[in-house]
Amino acid sequence: MRPTYKSSSSKGGFSKGGFSKGGSSKAGSAKEMDPSKKKMMGTGRKKACRFCSDAQIILDYKEPRLLGPFLSERGKIVPRRMTGNCAFHQKRVTEAVKRARILALIPFMAAQR
């Protein structure tokens, strides 16, 4: 959408400095911004690493049930921003998943339909 210039009644022409976005002369109105064009905001709270918060959980490649939440439906390793793991434990999860795949404890990819 092109910016439209506000008309100036005193000069009889258009003012160069002020222009508005949808032809609306009300600046700062709540209806001015389209909700679909607003920036996506985060939830505000970062997920905590489950291994740092609970020291009793031991990450081991021999426990496929523990590694399950870190795999997507297609068998890919879920990234850190989705799981909330710290960098240290995400590396350990990746190593454990790869070792479990080699030993055939978890599949390399999901079964085809």
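Scroll up a little and you will see the structure.
What you see is a predicted model, and the numbers here were worked out from it, not measured in a lab. (Residues numbered from 1 in each chain as written. Predicted model: local features only at pLDDT ≥ 70, side-chain atom pairs only at ≥ 80, totals over all residues. Heavy atoms only, no water.)

Draft legend 1. Spotlight on the overall build of the protein chain. Helices and strands together make up the secondary structure of the protein chain, namely four helices and two strands. Ordered by position from the N terminus, the helices and strands of the protein chain form the series β-β-α-α-α-α. Burial status across the protein chain gives 19% buried among its 113 residues. Put simply, 40% of the contacts in the protein chain that link residues at least 6 apart link residues at least 24 apart. Accessible area for the protein chain stands at about 10,100 Å²; split by element, carbon and sulfur atoms hold 55% of it. (Helix = DSSP H or I, 4+ residues; strand = E, 2+ residues; numbered from the N terminus. Buried < 20%, exposed > 50% of the residue type's maximum accessible area, 1.4 Å probe, protein only. Contact = heavy atoms within 4.5 Å. Areas by Shrake-Rupley, 256 points an atom, 1.4 Å probe, with all protein chains shown as cover.)

Draft legend 2. Main features of helix α4 (residues 87–102). Here α4 contains 16 residues, and its C-alpha end-to-end distance of 23 Å stays within 8% of the 22 Å for a straight helix at 1.5 Å per residue. Residues of α4 that are buried make contact with α1 (50–53), α2 (64–67) and α3 (80–83). Remark: Ala104 follows α4 within two positions and exhibits a positive phi of approximately 65°. (Expected span 1.5 Å × (residues − 1).)

Draft legend 3. Just the environment of Arg101, in detail. You can see Arg101 is positioned in helix α4. C-alpha separation for the pair Arg101 and Pro64, spaced 37 residues apart in sequence, amounts to 9.6 Å. Apart from the residues lying within four places of it in its own chain, the contact partners of Arg101 are Leu71, Gly75, Lys76, Ile77, Ile106, Pro107 and Phe108.

Draft legend 4. Summary view of the side chain of Thr83. Inspection of the secondary structure assignment puts Thr83 in helix α3. One polar contact links the side chain of Thr83 to the main-chain amide nitrogen of Asn85, over a distance of 3.4 Å. In this structure the side chain of Thr83 is engaged in a polar contact, spanning 3.4 Å, whose partner is the side chain of Gln90. Leave out the neighbours within four places in its chain, and Thr83 touches Lys47, Phe70, Val78 and Gln90. (Polar contact = N/O pair within 3.5 Å; in protein donor to acceptor, adjacent residues only side chain to side chain.)

Read these as spatial facts, not as claims about activity.
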